[in-house]
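The lines below spell out each chain.
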Amino acid sequence: MRVKSRAKQVAPGRKEGRMRVQGLRTACAGCRELLAYGVGGVLTTLVNYIIYFGLEAVKMDYLLANALAWAGAVIFSYIINRSWVFNSKGSCTKEFLTFAGLRLVTLGAESLLLYLAVEQLGLLSSVSKIVVSIVTVVGNYVICQKHIFRKTKNKPMGLPINQSSQQEGEPT
């Protein structure tokens, strides 16, 4: 009997338990999104590399090959990010135009870095492409998360819409 009463004293109340579960859901949802983005990013990078190295193999200029590989990767990436990573329900047209527009910024950065690595540093274009891709992957994640597939303010991921994100005891 004594053990049971001790367990009751140590165990959190129902509300505290629910708050912990909600916190875990939020943390797990964030991890799931990051993992899904990582897998989607690997697949997108493969699409980009297949197009780029295929075009380079037929002796296309490396900057033109990079632009065409970017276009194929952007279309693939948009589909993956919208449907699988961020589970977006926003306007397809608006999101795609924003997505492609912001990705143009990373295309510009990638092309400039690729040019500098090949022409100024004398690196092979294939090696430069791989190194430069690391920079753009990080930039693209931040752009997607913060500017394209945004979550509703004050509603952490993983919580139903009708529940408040405010924790008990916090001032309103």
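Here the structure is shown first, and the text comes after it.
To keep things clear, this report deals only with the structure shown in the data block. Along every chain, residues carry numbers that run from 1 in the direction the sequence is written. Only residues with pLDDT of at least 70 get local features here, since the model is predicted, and only at 80 or more are side-chain atom pairs given and counted; chain-wide, interface and lining totals rely on the full set of residues. To obtain the side-chain values, all non-hydrogen atoms of the structure were used and water was disregarded.

### Here's the deal with empty space enclosed by the protein
1) Next: Put simply, the grid is 1 Å and covers the protein atoms alone, a cavity is a trapped set of points that fit a 1.4 Å probe, a pocket is an open set with protein on both sides within 12 Å along at least five of seven lines, and lining residues have an atom within 4 Å of a point. Grid points are joined across faces, edges and corners, and a volume is the space filled by probe spheres set on the points. Considering all chains together, one arrives at 1 cavity of 30 Å³ or more under this definition.
2) Next: The computed volume of the largest cavity comes to approximately 260 Å³.
3) Next: Forming the boundary of the largest cavity are 20 residues, of which T44, T45, R103, V137 and N140 lie nearest the centre.
4) Next: Each helix is a run of DSSP H or I of at least 4 residues and each strand a run of E of at least 2, with the numbering of both proceeding from the N terminus. Among the elements of the structure, α2 (14-57), α3 (62-85), α4 (92-120) and α5 (125-148) are those that each provide at least two residues to the lining of the largest cavity.
5) Next: All residues other than Ala, Val, Leu, Ile, Met, Phe, Trp, Tyr, Cys, Pro, Asp, Glu, Lys and Arg, Gly among them, are scored as polar; the first ten of these are nonpolar and the last four charged. Classifying every residue of the lining of the largest cavity by side-chain character gives 7 nonpolar, 11 polar and 2 charged.

### Digging into the nonpolar core
1) Next: Buried residues of nine kinds, namely Ala, Val, Leu, Ile, Met, Phe, Trp, Tyr and Cys, make up a nonpolar core once their side-chain atoms join them within 4.5 Å. Summary of the burial criterion: residues with accessible area below 20% of their type's maximum are buried, those above 50% are exposed, and those between are partly exposed, where the area comes from a 1.4 Å probe applied to protein chains only. If you look at the biggest cluster of nonpolar residues, it comprises 16 residues, and the most contacted ones within it are V85, F86, F99, C144, I148 and F149.
2) Next: Mapped onto this core, the elements with two or more residues apiece are α2, α3, α4 and α5.
3) Next: Residue contacts follow a heavy-atom distance rule, with two residues in contact if any of their heavy atoms lie within 4.5 Å. Every residue in contact with V85, bar those within four places of it in the chain, is listed here: R32, E33, A36, Y37 and I80.
4) Next: Residues L55, A65, A69 and L114 belong to the second largest nonpolar core, which totals 7 residues.

### A word on the packing of α4 against α5
1) Next: Under this scheme, a helix contributes an axis fitted over its contacting stretch, all axes are lines through C-alpha atoms, and angles between N-to-C directions fall in the 0 to 180 degree range. Two numbers describe how α4 lies on α5: the axes approach to 9 Å, and their chain directions differ by 150°. Overall, the two elements α4 and α5 adopt an arrangement that is roughly antiparallel. For the crossing formed where α4 meets α5, the hand is right-handed. Here E95, T98, F99, L102, R103, T106, E110, L113, L114, A117 and V118 of α4 lie close against α5, whose contacting residues are S125, S128, K129, V132, S133, V135, T136, N140, I143, C144, H147 and I148.
2) Next: When grouped by side-chain class, the residues that make up the contact of α4 with α5 number 11 nonpolar, 8 polar and 4 charged. For classification purposes, angles smaller than 35 degrees are called roughly parallel, those larger than 145 roughly antiparallel, those between 65 and 115 roughly perpendicular, and all remaining angles oblique. By convention, the crossing between two helices is left-handed when the near helix turns anticlockwise from the far helix through less than a right angle, and right-handed when the turn is clockwise.

### Re the packing of aromatic side chains
1) Next: Two rings from Phe, Tyr or Trp (for Trp, the six-membered ring) form a pair when their centres are within 6.5 Å of each other. A pair whose planes differ by under 30 degrees is stacked, one over 60 is edge-to-face, and the rest are tilted. Scanning the entire structure with this criterion turns up 5 aromatic pairs.
2) Next: The rings of Y49, Y52 and F53 are connected pair by pair, giving a single aromatic cluster.
3) Next: Taking the ring centre of Y52 as reference, the NZ or CZ of K129 above it sits at 5.0 Å. Should the NZ of a Lys or the CZ of an Arg lie within 6 Å of a ring centre and within 35 degrees of the ring normal, that charge is described as sitting over the ring.

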